Amino acid sequence: MNIIKKIQKKQKRKKLVDEALDFVGLTEYAKKRPGKLSGGLLRRLNIACGIAHKPKLIIMDEPTVAVDPQSRNRILEGILELNRQGSTIIYTSHYMEEVVFADDVYVMDRGQIVMHGVPKEIFSRVDQLKKYRLDVPQVTLLAYDLKEAGLAIPDGILTIPELVDALSRPEIRVPKGWKLPEHTPKKEKKELPQGKESIKLEHVGYTYNPGSAYEMHALKDVNLEITQGQFVGIIGHTGSGKSTLIQHFNGLIRPTEGHIYFEGQDIWADKFPLRGLRSQVGLVFQYPEHQLFETDVLTDVCFGPKNQNLPPEECEKRAKEALEHVGLDESYYAKSPSELSGGQKRRVAIAGVLAMNPKVLILDEPTSSLDDNEVEKLFSMMKRLRDQGVGIIFVTHFLEQVYAVCDGITVLRNGTLVGEYSVEELPRVKLVAAMMGKDFDDLASIKPESVTDLSHAPLEIEARGLSHAGTIKPFDLDIHKGEVVGLTGLLGSGRSELARAIYGADRAQTGTLKVNGKEVKIKNP
């Protein structure tokens, strides 16, 4: 009898595991070693582990950090599906566009809750979000810019359908001379400053997971030229293909279709020196802390030149020159990268690339989470490099920053190159039109998403005056059954620590915590 019960228990566990893997789309990887999985697949595996026993309340801490766009979308879809199945979700993220889908949002800064409300309330306060150095969803910024340009549209636009609905109202009058793109827009081409060809893409396409159920076309027939010494801004919505595109420039990703040339040579031809290319086309990722791993700043910046097989004295000479170039003097040499601010880490990461003397520098969202002073220092450095003949490729979703520093603008939409423009010939409103494109078509068929009010649902979590020494100040928080609650803020703002306090992973110093109306005291986290 005991054997039968053990078999039944084992079968039940297997069923729960199989269902969890199927839910996150990992059934085909069930027999794979976790160490062989990509970052995105590992994130999905972590979620499967968390939901296998079907909890009523799920806390997820930054589940989409450092994953590819396809995995990110899959994770977000999974979170919303869990919520539809009845789970309450607490979700921490510094991607502001992700908390748009929450029912309730808490914004944190320096260990305390500074804003609280439904997404529409939070994102109606664009200036306040900028004060806390937070990004604003791209469509919200577009709506904000359109309003600044004279269109009488409401605050707090969160989705493309909402923006389209607002623009379709009869009282809206667009600025004189502005026309919406046609249904199938022709790729526009403006003349940019001419120089020696540096990077050229011919009919480049890229598909994630080709031939599988999760196949996604990230880039489609992209033709692009970037000349030596040019300062180009690449702009587009989240998921438009920006990060995928720039990883093709130095051979980190091999295109599914087409050809990529550097100074006239096909980088995927036999015997092309890809390793040398990555020294000449430097890439600084969006999160510089992922590129800093040595014990001190100077050693970290020396890493690139060492891999170029340069002698130690030349490595150190280049590292010091690069650090000086980004505005960091000898007082930073012996510091651990973990001691630095976000802006300083970003400058050290850039110095690590500059020490290899690249001809092209690619920066992926370099101003995210930086304050105005750090942004200005970064821009000054980028302009100096451009003046010295270094090509700059600047990926961003901040429209005003593109106009502040770039010579040209390259617009991506849904993996397709819309056009290449000179800054002087592309007014902001036309840039908005280029980014939105066919999303303006068939206005009558698009309806705004509905909002469910869960404020009267039963309380599952009730926190009053909870705090943790050195990380979070006393806070109050209510989580209702069936909600998706977003906790957001900059890295180090305290959002992860707040989630740990709710979960009981860290013992709170003050306050009370009730679960389903009953106070709980956690003695051993």
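Our structure is the block above this text.
The structure reproduced in this document is the subject of the present report. Keep in mind that this is a model prediction, so the values were computed, not measured. (Residues numbered from 1 in each chain as written. Predicted model: local features only at pLDDT ≥ 70, side-chain atom pairs only at ≥ 80, totals over all residues. Heavy atoms only, no water.)

## A word on helix α10 (residues 297–307)
Here's step 1: When we look at burial in α10, the residues that qualify are V297, L298, D300, V301, C302, G304 and P305.
Here's step 2: Here the buried face of α10 lies against α11 (312–325) and α12 (342–354).
Here's step 3: Sitting at the amino-terminal end of α10 is D296, which places a side-chain oxygen 3.2 Å from the backbone nitrogen of L298.
Here's step 4: Positive phi shows up at N309, right after α10, with a value of about 60°. (Buried < 20%, exposed > 50% of the residue type's maximum accessible area, 1.4 Å probe, protein only. Helix = DSSP H or I, 4+ residues; strand = E, 2+ residues; numbered from the N terminus. Contact = heavy atoms within 4.5 Å. Polar contact = N/O pair within 3.5 Å; in protein donor to acceptor, adjacent residues only side chain to side chain.)

## Here's the deal with the sheet that holds strand β4 (residues 112–117)
Here's step 1: Spatially, β1-β2-β18-β3-β4 is the arrangement adopted by the 5 strands of the open sheet, whose pairing is mixed. At either margin of the open sheet sits one strand with a lone partner, and together these are β1 (57–61) and β4. Across the sheet, the mean angle from the axis of one strand to that of its neighbour is 15°, orientation sign disregarded.
Here's step 2: Sheet strands touched by helix α16 (residues 495–503): β1, β2 (88–93), β3 (104–109), β4 and β18 (484–488). Its angle to β2, the strand with the most contacts, is close to 150°. (Pairing = 2+ DSSP bridges. Axes fitted to C-alpha atoms, helices over the stretch in contact; angles between N-to-C directions.)

## Examining a nonpolar patch on the surface
Here's step 1: Among the surface-exposed residues, V515, V520 and I522 lie close enough to one another that they form a single nonpolar patch of about 170 Å² accessible area.
Here's step 2: Mapped onto the fold, V515 is located in strand β19 (residues 510–515).
Here's step 3: For V515, a relative accessible area of 33% translates into the label partly exposed. (Patch = residues over 30% accessible without salt bridge, like charges linked within 9 Å, V, L, I, M, F, W, Y side chains within 5 Å. Areas by Shrake-Rupley, 256 points an atom, 1.4 Å probe, with all protein chains shown as cover. Salt bridge = Lys/Arg side-chain N within 4 Å of Asp/Glu carboxyl O.)

## Digging into the pattern of salt bridges
Here's step 1: For the coordinates displayed, the defined rule picks out 19 salt bridges.
Here's step 2: Its salt-bridge partner being K320, residue E316 comes within 2.9 Å of it at the nearest N-O pair. Taken together, the residues E316 and K320, both in helix α11 and 4 residues apart, mark about one turn of the helix.
Here's step 3: We classify E316 as partly exposed; its relative accessible area is 34%.

These results come straight from atomic positions and should not be treated as a statement about function.
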